[in-house]
Amino acid sequence: MFVQPISEDQRGLVVQATAACLAHAEEIFQRSFPAIPLRFDLRGRAAGMYRIYRGTRLIRYNPHIFAKYFTESLAQTVPHEVAHYVTDLLYGLRSVRPHGPEWRGIAQALGAKPRATGNYDLSGIPQRRQTLYDYRCACTQHRLGAQRHNRMQRGEGGYLCRRCRAALVFCGAESG
Ligand SMILES: [Zn+2]
Ligand SMILES: [Zn+2]
């Protein structure tokens, strides 16, 4: 059984909690931090993610992990990601390690445990699907990931089967 994503009401609470956490950071550091856009579109094993997409700072939350661990997510994931944002504004992402001492200090001040990932049982959480590409050689089938497939299609580096030494030939994509 898949866990359903959080409801609209719960999203509202997450938005409020994120704003409150950022306000707390403003108090601690005595400066103002602009509101940050949130998305609830993260999939896979991570509960949250902070990124800069084409110059726009963004926090993404995983609506399924938040649904399964709502209280824990509000208490941990929200300050964890806000701490990444504040670390970026104070130090710049490129000059510090993602979970280095600067981030740890801020995460702790905001009430998060200063650890890189939570210990969640992810059963019921939909995982990101990876497209695999089927190839044939002279003796068997091979499945390649997107990176190798794209490299082959661009003509950069053909792969040979280790056993029969024949070049791999693409025969179709499969989602799995
Ligand atoms: Zn992190
Ligand atoms: Zn072969």
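So, how was this worked out
Per chain, the residues get numbers from 1 upward, laid out in the order the sequence is written. By the order in which they are written, chains take letters starting at A while ligands take numbers starting at 1. Thresholds applied to this predicted model are a pLDDT of at least 70 for local features of residues and 80 or more for the giving and counting of side-chain atom pairs; totals over whole chains, interfaces and linings are not thresholded and use all residues. Secondary structure elements are taken from DSSP: a helix is a run of H or I of four residues or more, a strand is a run of E of two residues or more, and numbering for both begins at the N terminus. Radius of gyration here is computed from C-alpha atoms only, and the compact-globule reference equals 2.2 Å multiplied by the residue count raised to the power 0.38. Any residue whose C-beta has 12 or fewer other C-beta atoms within 10 Å is treated as exposed, any with 20 or more as buried, and any in between as partly exposed, C-beta atoms being built from the backbone. Contact between residues is assigned whenever the C-beta positions, reconstructed from backbone atoms, fall within 7 Å. Where each domain begins and ends is defined by an automated method or by a domain database. Two strands pair under a simple rule: DSSP has to find at least two bridges between them.

## Brief notes about the overall build of the chain
Logical step 1: When you go through the chain residue by residue, the secondary structure sums to five helices and six strands.
Logical step 2: Helices and strands in the chain line up, N terminus first, as α-β-β-β-α-α-α-β-β-α-β.
Logical step 3: In terms of overall size, the chain is more extended than a compact globule, its C-alpha atoms giving a radius of gyration of 21 Å where 176 residues would be expected to give roughly 16 Å.
Logical step 4: For the chain, the residues scored as buried account for 22% of the 176 residues in total.
Logical step 5: Considering only intrachain contacts with a sequence separation of at least 6, the fraction spanning at least 24 residues in the chain is 58%.

## Observations concerning the domain arrangement of the chain
Logical step 1: Assigned domains of the chain: these are domain 1 (8-109) and domain 2 (131-175).
Logical step 2: A C-alpha centroid distance of 40 Å is found between domain 1 and domain 2.

## Side note on the environment of Tyr 61
Logical step 1: Topologically, Tyr 61 is positioned in strand β3 (residues 56-61).
Logical step 2: Overall, the presence of 26 C-beta atoms within 10 Å leaves Tyr 61 in the buried class.
Logical step 3: Residues Tyr 61 and Phe 33, spaced 28 residues apart in sequence, show a C-alpha to C-alpha distance of 20 Å.
Logical step 4: The residues touching Tyr 61, leaving out its near neighbours within four places in the chain, are Val 14, Leu 38, Phe 40, Leu 42, Gly 48, Phe 66 and Thr 77.

## A few points about the sheet that holds β3
Logical step 1: Taken in spatial order, the three strands line up as β1-β3-β2 in an open sheet, and their pairing is mixed. Edge positions in the sheet fall to β1 (38-39) and β2 (48-53), since each has one partner strand and no second.
Logical step 2: Bridge count between β1 and β3: two bridges; the pairing is parallel. Counterpart to Leu 38 in the pairing with β3 is Ile 59.

## Some words on unusual backbone geometry
Logical step 1: In this model, Gln 30 sits at a positive phi of 55 degrees, which is unusual for a non-glycine residue.
Logical step 2: Counting through the fold element by element, Gln 30 comes out in the loop between α1 (8-29) and β1.
Logical step 3: Given 6 C-beta atoms within a 10 Å radius, Gln 30 is considered exposed.
Logical step 4: One non-glycine residue, Arg 165, lies in the positive phi region at around 65 degrees.
Logical step 5: Tracing the backbone through its elements, the reader meets Arg 165 in the loop between α5 (146-153) and β6 (169-175).

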